[in-house]
Structure formats: C-alpha cells, structure tokens
Amino acid sequence: MTVLSAFENNDLNDRGDIMRTTMNRLGSLLLGCTLAVAGVAHGQSEPTPLPGLKGPVTVFTPATSIPSVVATNELDAAFMQGYLHARDRFFQMDFNRRAASGTLAELVGSAALSSDIQLRTLGIRRSAWESYAASSSSTRAVLQAYANGVNAWLSSNPLPPEYGALELSAADPWNPVDSIAIGNVAQFQLSADLEEVDFTVNIGTYQGVGEVVGFDGTALFFEDTHRPAPPDDRVTLPGFIQSIGGLGKAEAKSLSANFPRLDDSRIELARNLSEQYHSNPILGPLMRKERDVGSNWWLLSGDVTDTGFPIIANDPHLSLDTPSFWYTMHLNVSNEEQGTVLNTAGTSIAGIPSIVLGCNDTVCWGWTVNPIDEMDFFFEDLRFNNLGLPTHTVHNGEAEPMILIYQSYFVNQFDGEFDNLTRANVGIDGGAITFVVPRRSNGPIVDLVGSQGISLQYTGWGATLGAEFIIEQTKAVDVPDYQEISSKFDFGSQNMAIADVFGNIGYVTPAEIPVRTDLQTLNQPDGGIPPMFIRDGTGALMHDWLPVQNPQPNQSTPFEILPANETANALNPDRGYIANANNDPVGVSLDNNTLNQVRPGGGLYYISQGYYSSYRMGRIDRELQDAIAQGPVSVDQVKALQANNQMLDAELVLPHLLNAFDRATASDAWPGIAQFAADPRVQTSMGLFATWDFSTPTGIPEGYDPGENPFGLSPPSQTEIDNSVAATVFSTWRGQVIRNTIDATLSAIGLGDNLPPSTQAYNALKHHLDNFATNQGVGASGINFFTNPEAPSAEDARDFVLLASLVAALDMLASDEFAPAFGNSTDVMDYRWGKLHRIVFDHPLNDVFSLPNGLYGLSTVAGLEGVARHGGYQVVDASNHSARADGLNDFMFGSGASRRFVGSMDPNGTVYEMVIAGGQSGVIGSPLYANQLYVWLVNGYLPLLTNPAIVAAISENVQTFGPPN
C-alpha cells in the first residue's frame, strides 16, 4: 500500500516511468542470476544454431512442462515462441489459419469447401491483410520474427502425423498475416451476431402465421418466446447508465409496438441465408447459440481479502478440443543495457505471438465475452450489368458501385496420391465472385437472390489494431495503464478484468460500438426495424451507421462509435468486488427492452440485443456477496467458486415443480394431477429434490469431481449419489417440460420449424411460470402455453404439464435409448449424472487423435463415450448442454473452462496458479498430449511462474539457441 501512495500524485505516464525503472533494475539482477543458473544446468554444450536469431535464447522447462523463454531482445523472444508453437502445435496452427482464410479444403478435402466459400466471402483474411498494413513497424517486426521462428522449425523437422493421414508431404510457410487472421476469426466467432438472420426469419414467420391463426406474432416473439431479458437480474455495474449522465428510461414504446410487418420476399431471402449458415461447421454454432460459450471472472479488492491485496480469477469458456485452444508459456526479455524489457506469463494462442491472458510483474488480466452489437445485416437493392452480374447497390436512389473479387478454390483429393489438389468448380453465384459493398465498411454481399441481396457490416472489416494490443498489453504497469492500452482492442468486445500489486482492481469493455443514425437522431420513420434484425439498406429508414463526428483514441471504424466513458468501466468500486460472466453488464435488458435507455446528451443508448447469460453470474454474485459478508475472502474460497457446479436454474425453477407436487398430494386434488403424485418414482424424486443442494456430482466411481485424485478416483458418498440422481432427474425434466410447453404450443399453431434456441425457450418458460399468478399462462400474444381442456383450472393445467413432464423424463431414463447408461432400470437411484454428463475432447480429424482414446489412461464408463464429469446447465464451472436435451448423448458437453486462473496480487510475493484443458503438445504420442488435462478434470492448478531465476533453478530441461556462427 505504501507503493501505491507514492504514485497517487503522479499522472499515468509518470507512474509508468517510475514502475519501468524499478522493474528494469530488478531485471538486471535477475538476468545475471538466470544466466548463471542456465550455465550450470546446461553445462558447456554449444547452443543450437537457428538462422534468424540475433542473440542467445534459453528455453527452461520445469516439471510443469510450461516453457520459459529467456531472450535478450523482443524479436528473439517472438522467434522462439513461434518455434515452440510450431514444434508442439503446428497442425493446429495450420488448420486454424486455413479455416480463417477459406483454404481449409486444401487440407481436409471437399467437406470443408462450403466453409471456405463462406469464410472467403466474409473476408476474415482480407481484413487481416489490411490490419497488417496498418500496424506499427514494431508490431510488424514482432509478427515477422514469430513467422521466422515457425518457419525455422518447419525447415528442419518432419510434419506432424496428421499430414500423413491427409496425404500431404509439405505445408506452406508461415506468414505474419496468418497470425492476424487466426486472431480475427477467433474474435469473429465470439462476437458475431449471426442469430439476427434467424431472428428475422422467425419474427416474420410469426407475423404471417399470426395473421392467419389470430394472434399477435410480434408480441409472441418479443414477449413470449425470444425475450431479450435475462432470467436472473444480477449485473456487473448497477446504476452505471445513471452514473454517466444517462437516463434509465426513454419515452419509447415496447419493442413490439409498431414493429412493421416484414416483407415476405425478404423473409425468404433471410431464410435462404439461414440455411447456408446453419449447414456451415464454423458458422452454424454461431447461429444456434446453444453452447454457453463465454467466460467468468471476478476481482476482489484488498479490502475484502485475507491478504489485504487483490485477488483475480478468470476462466474463459471455449470449445474443449484436442489440442487445447491455449498454449501456456513464460516470456522474459532482459539485457544488461535495459534490464527487464518484458516479463510475462500465461496463455498464448498457437499461431499468435505474445501472451493473450496472463500476468506480468505488476498486473494480471482476464476476459469474458461482452456480446455487444457491432454487426448489422442489410437488405440491399441491386443493379446488374448486361451480363446479369450485380455491380451496384442502390442507396437513396443512387447506384453505388460494388467491388468484385474473383476467387479460386482448391480441394485435397484423398486418392492415394500425395499432394494432389484440384481446382473446385464453383459458380459465379456460388462464391466464385465476392461482392464487396464499400458503404458497409467494405463488407460483403452474403446472400443474393433475384434483384435483392443481404450485406454484412461489421467493425472487424478493414484495418484493426488487435494484434498491436495483444503485444502491448503485456507491458502494462498498473490497472489505469492497461485500461488506456485497451483502446486498441477495437472489435470483438471483451469484458476485461485487471488487478495490480498496488491494490487496484479495474474493469473496461473496449471495442467500437457503432452509433446507428435512426437511434441517435430519434428520427425513426414508420417501418423502422431494430438492429437485432436484418435492416433496410436503401437509406429510406436511416438504418445506416452514423458518419464519424467525434473520433475516439485509436479508433479504427470510420463511423461514429460510443466513447469509452459510455461503455462499462470501473476502477476500485466501493463494494470491493467486480464480477462478470457474460451477463448484462449495466442492466439495459432487465426490463425486456434494450432500446429505451438514453445516452448523455441525447439519442438512444443501444449496446446489445440482450439475450445475455445470467445463471453463472447469478451464482457468482450471490456467493461473492455471502463470502464478503462473512469475510475476509481467501484464495481457496475463490478456487472453490471456480469449481462450483450448483445449478442456479434448478434453485429458481424447481419451486414450481415442488408446488405442483404439493397441490397434487392435497386431499381435494384434481385426479389428473393426483395420479402423478402416486407414482413411487415421482415420490422418490421429490424426496431427493427436497434435500438437494443443486450440485451436480458424477455419482460414479469412474467420474471426475472437484478435489479428486485424478490418478486414483474414489467411490462417491451417499450424499454425492443423492445429489447426482437429483441432477439427472431435474436435467431430463427440464428438456421435457420445454418440449411440452413452448415447443408443443408453437408446433400446434404451425411454428414447429421456427422454435427459439433452447436457452431462449427455457427463459421464456421460466417467465411464464414466474408470472403465472398474473397471466394464468397466457402470453402477451394471447396464446396459452399450458392448455389442457380437461383441467378444472389454469393452475391444474399448469401442474399437469409440469408433473407429466417429470413422468416422461423418468420413463425416458428407463427406455432403450438410455439402456447403455441405466440398463432399462426403473430404480430412480440408478440414474447417476456422470453416465450422462460426459465429454470428448475432439480433434478436428478423427477419434484416433481425440481424447479419451485409450493411450493416456483416462477413466471411462464401459459402453459410453467420453469422460464422466460433474457440472451441468449454465453452472459456474461451465459444462453446458442444450436445455432441450433428451437423448443418451445429448447431455454431453463440448465447451467450458479452457483455462482456469487465480492470482493473488501481494507485492511481497505474487502467487499465480493456472491450468488448461489439455496438454502442451498437439503431437499424438507425446507425453505432453494430455499432461494438464488430468489436473483440470478435478479442478486442480499448476503454478504459473514469472520469476526467471526461480524457473531456471527448478527446470528439468534447458535448451540454448543462438544465431549461426
């Protein structure tokens, strides 16, 4: 705390200069110690010469197998990082750059051709080229040095075994633009609002069917089935909009009021695009949004911790594939002239230089996805030339020329002949020409039918500064410094958590949120369409992005954006903590209307369509408030919260089922529901529910649960078995009750092909249950979601479907479908959660490379795919599955905590602990293929070391490299 007080009267630059001087002096001392230890460990052997290095580089590898690169300049550190990434992950790197660039079919064959066409159309690599050209010379130098390291490995080593299976004997050299493309596609996957296409199809279809059947289709969408509001109301920064001078409510109508009737031809155009995207393996998941992909983090100030200094926790949720998304490492750059130039450790992405999530000597940072609306689709009117080729879009009656880009695609043939690629026959209207619309930030026409098309505008098209930010963030000296650097993170918004050794905790949400003309001017002509749908591109409805009027620091987008002080941010809040789990950060969606907040100075405050995650944040916020109230909070409590697998949805929804059972057991109960209460299986289930703590243990000896010894799993206790069975029964009931209410109701009126995603359907069900006393199950559309003609009351109709769904779930668990797990047993106590909740760590090629595969000793259940693990629907220890799950393998999960990190920011001795979901190496057969996975499965951690002297002293392997003589 005394160090912090010394900085209080200095501005940001002064603090940075003081801190860098201090760390450089320390670095000079550590450098001498590190090199001395390296000399002893490595003996007198000569360094391995690598063309491209400018000086000596030492790689220390301790028992954790996390390499530590010690170099004398930043370019050599980047070179060696590229070399190590290629050594351990080259196939993953090659696969990802090709997926991003639209050349994946050249690697894996014709199955990837449709993906290539879509990704080439979108233009991820086009924007990567522009970003590279706009980067600073220092950033380009780092990217080139990294590429040189990759290519140094390629030039002198055999390719990974996947290439033999793919009949390929060579791989293209690495290019600096490849690194930016990988980063850009990762940001696109996390931020793309492709569901706007399905929203357009669904609301238009609801309107059309409503006109025929006799209900309000617009209200059905906004109020009954696709509600923007979350099912729990915890936010990151309560009162933020008011604190910046905004207003909590505008004089605005509800989202469904005066919403125009969409044109049928446009609905068909959107449906055509929807079908294309859903069939794409990369874009399809972005449409469905069935996975709870996101992340958790929370920050605790020293005022509430037992150390008196901040604690930071972060676990980003991504696909849990093989190899792991992350590669853990430590980078140190020190020399006698400058001292410590760089000292950072954490998770990197194979293919990208620097550390993405991690720490340096004074600062740690973590991220979660912030689902802002930085993308709009537009219906465009097109003009054609005499050959029938579209050449112009029409805006305000004027024809504006498009840019035409001609594409060629090649496909690996798999015919027994190595390196046999042939050109694919792709038609002009099928992807051979990409039509780019300059007005839409040089975004593409993504669908074309007749004289109309759909264009896509996105803040990620064009030159962006993300690569520069990734490199510069590792040198932040404190929280305010990091917040300032974050202005270069210009698209793919993240909630960024930062803590430092001076006692600061902070939050920032960088990325450029475009200001829409109609929303800012409040000049909304009749027929206006909110930005969560495909908008009008003709200019008539003022749906365009507003031209830039107030340029912001490091702004990339050539349109007006919200200034940083209007996006969620905080520094050292009074309540002593900040938390985010992809929830609504400032509460714009809590009232089910994301367009009724007012900006400071006027205009609508619009940042997102809504549809935020909420149950993880709800659990985290409750647990943190309880822990702080009982305080002080320890690192062990933070770790326990990362491992929390209690289902908040069950805690909030189960009372409705328990109430139905109580009514069914009453002496005067309607026989229609009393029959269910007499079922002994229902009685057993209700007994379990009554004592359930909402946790989700596997309940089987083969299952991985928190705190277990991963190499010697123990049998479950009776309490764990009880909780496990309760988790199984509730989770299967959840799917059945959604199908018997939301799905059955929509299907009965002809909307079975336009169901909401499972999460939105479940949120809608909870809304109707919570408001049943007022609405009696009838939605704003006039549709009843709990119909039963024989029921004597609305309450009986509701309870019938709740209890009948429970019996259906129990019948399902005893069925042939579930026999591999439960052997057709009708004994409820046999229904252990671990036999359903399993995971396979998929490799993009085949099961030989996936885990478990018999090579690495992972525990499995005979006859069932995957590894049994605790967790469930939207729990903190993310392990989500579809809310509609009703098949043997439907409860399996494929995404979750790709990295778990906890950092204690005590300046007297920072302690960083971390683990990734997999192994360091992506080479099948390597002992490092799954080396961190065992620890990850039971919520353990490995030390993340940043002191180069300590790393050198404990390393089991030391390699030195240098330039050729």
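It should be noted that the structure appears before, not after, this text.
The model shown is predicted, which means the values in this text are computed figures rather than measured ones. (Residues numbered from 1 in each chain as written. Predicted model: local features only at pLDDT ≥ 70, side-chain atom pairs only at ≥ 80, totals over all residues. Heavy atoms only, no water.)

The subject of this paragraph is the overall build of the protein. The helix and strand tally for the protein stands at 29 helices and 30 strands. For 965 residues, the compact-globule estimate of 2.2 N^0.38 gives 30 Å, and the C-alpha radius of gyration of the protein, at 28 Å, lies within 12% of that figure. Based on the C-alpha atoms only, the size of the protein along its principal axes is roughly 90 × 75 × 70 Å. Of all 965 residues assigned to the protein, the portion counted as buried reaches 64%. At a minimum sequence separation of 6, the contacts of the protein that also span at least 24 residues come to 74%. As displayed, the protein offers around 32800 Å² of accessible surface, 51% of which is attributable to carbon and sulfur atoms. Computing the positive centroid from 49 side-chain charges and the negative centroid from 105, the protein places the two 2 Å apart. (Helix = DSSP H or I, 4+ residues; strand = E, 2+ residues; numbered from the N terminus. Rg over C-alpha atoms; globule rule 2.2 N^0.38 Å. Buried < 20%, exposed > 50% of the residue type's maximum accessible area, 1.4 Å probe, protein only. Contact = heavy atoms within 4.5 Å. Areas by Shrake-Rupley, 256 points an atom, 1.4 Å probe, with all protein chains shown as cover. Lys, Arg positive; Asp, Glu negative; His and termini not counted. Charge placed at Lys NZ, Arg CZ, Asp CG, Glu CD.)

To continue, consider a negative patch on the surface. Together, D321, D842, D847 and E865 give the surface a local cluster of negative charge. One can find D321 in the loop between β5 (311-319) and β6 (326-335). (Patch = residues over 30% accessible without salt bridge, like charges linked within 9 Å, V, L, I, M, F, W, Y side chains within 5 Å. Salt bridge = Lys/Arg side-chain N within 4 Å of Asp/Glu carboxyl O.)

So, about the pairing of β5. Of all nine residues in β5, eight are buried; the element is thus mostly enclosed. Across six bridges, strand β4 (residues 295-300) lies against β5 in antiparallel orientation. Each residue of the ladder has a partner; that of L299, found in β5, is I312. In the sheet, β5 pairs with strand β26 (residues 895-897) via three bridges, with the strands oriented antiparallel. Considered in β26, the bridge of L318 is made with G896. (Pairing = 2+ DSSP bridges.)

The next thing to look at is the packing of aromatic side chains. Tallied over the full model, the rule gives 41 aromatic pairs. Plain terms: the ring middles of F841 and W936 are 5.9 Å apart, the flat faces sit at 80° to each other, and that makes the pair edge-to-face. One end of the pair, F841, is in the loop between β24 (838-839) and β25 (867-868); the other, W936, is in helix α28 (residues 933-937), and 95 residues separate them in sequence. Chaining the aromatic ring pairs together yields one cluster made of F199, Y206, F221, F222, F259, F533 and Y611. (Phe/Tyr/Trp six-rings, centres within 6.5 Å; stacked < 30°, edge-to-face > 60°.)

What follows concerns the sheet that holds strand β1 (residues 48-49). Strands sit in the order β1-β30-β2-β3-β6-β7-β8-β9-β19-β20-β22 across an open sheet of 11 strands; the sheet is mixed. Looking at strand neighbours, the two that pair on one side only are β1 and β22 (569-571), the edges of this open sheet. Bridge analysis of β6 against strand β7 (residues 339-349) gives 10 bridges, and the strand direction is antiparallel. Bridging across to β7, M329 finds its partner in G346.

A separate point is helix α13 (residues 264-278). Two residues of an α-helix separated by three or four positions point the same way, owing to the 3.6 residues in each turn. Compared with an ideal rise of 1.5 Å per residue, which puts 15 residues at 21 Å, α13 spans 21 Å between its outermost C-alpha atoms and is within 8% of the ideal. Buried within α13 we find R266, I267, L269, A270, L273, S274 and Y277. What you see down the axis of α13 is that its buried residues fit within an arc of 160°, all on one side. (Expected span 1.5 Å × (residues − 1). Arc of directions from axis to C-beta.)

The contact between helix α20 (residues 648-664) and helix α26 (residues 794-813) brings their axes to 9 Å, and the two run at 110°. In terms of orientation, α20 and α26 fall into the roughly perpendicular class. Two secondary-structure elements touch here, α20 through H656, L657, N659, A660, F661, R663 and A664 and α26 through E795, D796, R798, D799, L802, L803 and L806. Among the residues making up the contact of α20 with α26, the classes are represented as seven nonpolar, two polar and five charged. (Axes fitted to C-alpha atoms, helices over the stretch in contact; angles between N-to-C directions. Parallel < 35°, antiparallel > 145°, perpendicular 65-115°, else oblique. Nonpolar A, V, L, I, M, F, W, Y, C, P; charged D, E, K, R; others polar.)

With that out of the way, let us pick up the environment of S441. Mapped onto the elements, S441 comes out in the loop between β16 (433-437) and β17 (443-449). Separated by 117 residues in sequence, S441 and P558 have C-alpha atoms that sit 7.8 Å apart. Those residues in contact with S441 that sit more than four places away from it in its chain are Q457, Y458, W461, W545 and F559. Within polar-contact distance, the side chain of S441 engages the side chain of Q457 at 3.1 Å. (Polar contact = N/O pair within 3.5 Å; in protein donor to acceptor, adjacent residues only side chain to side chain.)

Here we take up the nonpolar core. Judged by nonpolar contacts, the single largest core of 140 residues is most densely connected at M80, F188, L194, W367 and F377. The dominant element in this core, judged by the number of residues it contributes, is helix α3 (residues 74-101), at 13 residues. Beyond its immediate stretch of four places on either side in the chain, L194 contacts F188, Y277, L283, L286, M287, M375 and F377. F221, L255, W670 and A764 belong to the second-largest nonpolar core, a separate cluster that totals 90 residues. (Core = buried A, V, L, I, M, F, W, Y, C linked by side-chain atoms within 4.5 Å.)

Backbone torsion omega between T322 and P323 reads -5°, so that peptide bond is classified as cis. Structurally, the position occupied by P323 is in the loop between β5 and β6. For the bond from G631 to P632, the omega torsion is -5°, close enough to zero to count as cis. You can see P632 is positioned in the loop between α18 (615-630) and α19 (635-642). Of note, E167 is a non-glycine position whose phi angle comes to about 55°, a positive value. Not every positive phi belongs to a glycine, and S354 is a case in point at roughly 85°. Residue placement: S354 occurs in the loop between β7 and β8 (357-359). Relative accessible area serves as the criterion here: at 9%, S354 is assigned to the buried category.

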